[in-house]
Amino acid sequence: MKITKAVLICMVVVIPVALGAFYYGRMAEPHRSPKAFHENEAHGAGKGHKQGEHEKREDDHDSHEFPESETHEDEAHILLSDGQIRALGIALAKAGPGSLERVLTLPGEIILNDDRVALVTPYVSGYVREIRKRQGDSVNRGEVMAVLESRELAEAASAYLAARERRALAEKTFHREASLWEKKITPEQDYLESKMALSAARIEVRSARQKLMALGFSGVSVDNLSEEKDASLTRYEVVSPLKGQVLMKNLSLGQMVERTAAVYQVADMDTVWVRINLLQGQLPYLKKGMDVQIRVDDATPRARARMTFIGPLVGKETRTAEGRAILSNPDGQWRPGLFVTAEIGTGKENIPLFIPKKAVQTLGGKPVVFVPAEGGFEASPVAMGRSDGIHVEIISGLSQGDLYVVDGAFELKAAVMTDSMDNHAGHGH
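Quick caveat, the model's predicted, so the values are computed rather than measured. (Residues numbered from 1 in each chain as written. Predicted model: local features only at pLDDT ≥ 70, side-chain atom pairs only at ≥ 80, totals over all residues. Heavy atoms only, no water.)

1. Points about the environment of Ala-146
Next, step 1: Position of Ala-146 relative to the elements: it lies in strand β8 (residues 144–149).
Next, step 2: A C-alpha to C-alpha distance of 8.5 Å links Ala-146 and Tyr-236, two positions 90 residues apart in sequence.
Next, step 3: For Ala-146, the residues in contact, after removing those within four places along its chain, are Glu-130, Ile-131, Arg-132, Tyr-236, Glu-237, Val-238, Leu-251 and Tyr-264. (Helix = DSSP H or I, 4+ residues; strand = E, 2+ residues; numbered from the N terminus. Contact = heavy atoms within 4.5 Å.)

Dropping the structure here:
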């Protein structure tokens with residue numbers, strides 16, 4: 001039997017298309033809702049033409065494998081089967097009243113803890129002989145940071161040693177004169193003059209000792225001066241007054257520094273301060289001891305601080321008062337100079353209607369909440385009010401007792417967006 005060219009074309013084109021249509025129809029049947037499926041089986045073919053029309057509508061409605069959305073001007077309608085709802089993890093809740101934490105969000109800046117900052121001055125003028133600590137180095141309290149050669153120190157140390165020698169001589173003279181006067185060998189006048197000289201020598205030693213201690217020497221160091229025969233009287237050690245980190249070094253080898261020059265700045269960075277600008281209308285809600293949450297941005301974890309100071313004055317131009325919170329900084333991550341956001345909870349406030357913030361999504365630039373609708377869900381526009389970061393007040397768009405999607409709202413939004421892109425692609429946009 002001869003096969004014409006037209007017959008071959010029909011076999012190649014028409015048969016695969018028919019088979020594909022049959023396969024697609026069979027694959028789409030399980031996506032009909034269980035209720036519709038059982039109704040069809042119960043009624044059978046006795047319904048005749050009407051039953052066939054009903055099956056066709058059901059097939060048209062449920063033949064898509066993925067959620068179907070119908071986007072109108074202000075809402076998106078998503079058709080889902082029970083299985084799809086379970087797969088997306090969608091859960092409903094009732095809208096109702098609650099209480100929001102009243103939170104003040106304020107700008108702030110990390111600054112040094114002024115109680116733990118020291119400017120290191122040498123107290124004597126001299127030339128820089130050694131530099132042991134540089135910017136960024138850690139330092140302990142009492143640790144030597146630099147060494148100076150100071151003529152001023154040598155003069156003070158010499159004066160102290162000379163005063164000690166004169167005191168020793170005056171003590172010997174006094175004991176001798178006291179012994180002779182008791183034996184009636186010398187007059188009382190000599191005894192009294194030796195006693196007065198001893199008192200003057202003791203005052204001179206005490207004065208010279210206090211001068212050395214004012215220059216930074218400890219009492220032990222001063223007492224050891226006379227015992228260290230070979231010690232240099234010009235050597236002056238610049239020591240750190242506290243444990244911390246060197247923030248600034250202002251000296252070089254061979255440089256002449258004056259007694260009032262700040263050659264180092266040392267800071268204990270284990271704690272820092274947060275300087276916060278407080279608006280005059282916020283001051284009635286704030287008090288010392290409040291907890292303050294500090295963050296750099298939404299992506300960084302929050303740190304807990306404590307309000308320690310609220311300024312008594314309000315600036316004439318800024319109309320703000322200065323607030324200060326102390327923040328633990330053991331790892332050094334809060335660097336002075338960082339701009340931060342401070343959040344201060346000032347109490348709870350009753351709200352007539354609020355929902356979790358995660359239930360609110362954005363479609364077309366507008367906030368929406370997904371609510372149950374026929375065969376699935378639809379996006380309902382809402383107007384929001386106050387928020388504490390976890391819950392948000394709903395001003396309009398929901399009423400008390402209304403059901404809304406509390407879990408799975410993001411997945412529904414994704415389904416709407418995906419369907420919208422598919423529709424645009426299909427129309428050649």
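2. A look at the sheet that holds strand β12 (residues 264–267)
Next, step 1: Spatially, four strands are ordered β5-β12-β10-β7 in an open sheet, and the strand pairing comes out antiparallel. The open sheet is flanked by β5 (117–120) and β7 (138–139), the only strands paired with a single partner.
Next, step 2: Looking at chain direction, strand β10 (residues 244–249) and β12 are connected through four bridges and run antiparallel. Its bridge partner lying in β12, Met-248 is registered against Gln-265. (Pairing = 2+ DSSP bridges.)

3. Comments concerning the pairing of β12
Next, step 1: The pairing of β5 with β12 spans four bridges and is classified as antiparallel. Within β12, the position partnered with Val-117 by the bridge is Ala-267.

4. Re unusual backbone geometry
Next, step 1: Located in the positive-phi region is Tyr-123, a residue other than glycine, with phi close to 70°.
Next, step 2: In this fold, Tyr-123 is placed in the loop between β5 and β6 (126–131).
Next, step 3: One non-glycine residue, Lys-184, lies in the positive phi region at around 65°.
Next, step 4: With respect to the secondary-structure elements, Lys-184 resides in the loop between α5 (151–182) and α6 (188–214).
Next, step 5: Lys-184 sits in the exposed class, given a relative accessible area of 71%. (Buried < 20%, exposed > 50% of the residue type's maximum accessible area, 1.4 Å probe, protein only.)

5. What about the packing of aromatic side chains?
What characterises a pair of aromatic rings is the spacing of the ring centres plus the angle enclosed by the ring planes.
Next, step 1: On inspection of all chains with the given rule, the structure shows two aromatic pairs.
Next, step 2: With a centroid separation of 4.8 Å and 10° between ring planes, the pair formed by Trp-181 and Tyr-191 is classed as stacked. With Trp-181 in helix α5 and Tyr-191 in helix α6, this pair connects stretches of sequence that are ten residues apart.
Next, step 3: With relative accessibility at 29%, the residue Trp-181 sits in the partly exposed group.
Next, step 4: Each residue in the set Phe-174, Trp-181 and Tyr-191 is aromatic and connected to the rest through ring pairs, giving one cluster.
Next, step 5: Across from the ring centre of Trp-273, 4.3 Å away, lies the NZ or CZ of Arg-324, which sits over that ring.
Next, step 6: Over the face of the ring belonging to Phe-309 we find Arg-324, whose NZ or CZ atom lies 4.4 Å from the ring centre. (Phe/Tyr/Trp six-rings, centres within 6.5 Å; stacked < 30°, edge-to-face > 60°. Lys NZ or Arg CZ within 6 Å of the ring centre and 35° of its normal.)

6. A closer look at the nonpolar core
Next, step 1: Within the largest apolar cluster, 30 residues are counted, with the highest numbers of intra-cluster contacts made by Leu-212, Leu-215, Tyr-236, Val-238, Leu-251 and Tyr-264.
Next, step 2: Secondary structure elements with two or more residues in this core: β5, β6, β8, α5, α6, β9 (235–239) and β12.
Next, step 3: Among residues more than four places away in sequence, those in contact with Leu-212 are Leu-153, Ala-156, Ala-157, Tyr-160, Phe-217, Val-222 and Leu-225.
Next, step 4: Judged by nonpolar contacts, the second largest core, of 20 residues, contains Ile-276, Ala-303, Ala-325 and Ala-342. (Core = buried A, V, L, I, M, F, W, Y, C linked by side-chain atoms within 4.5 Å.)

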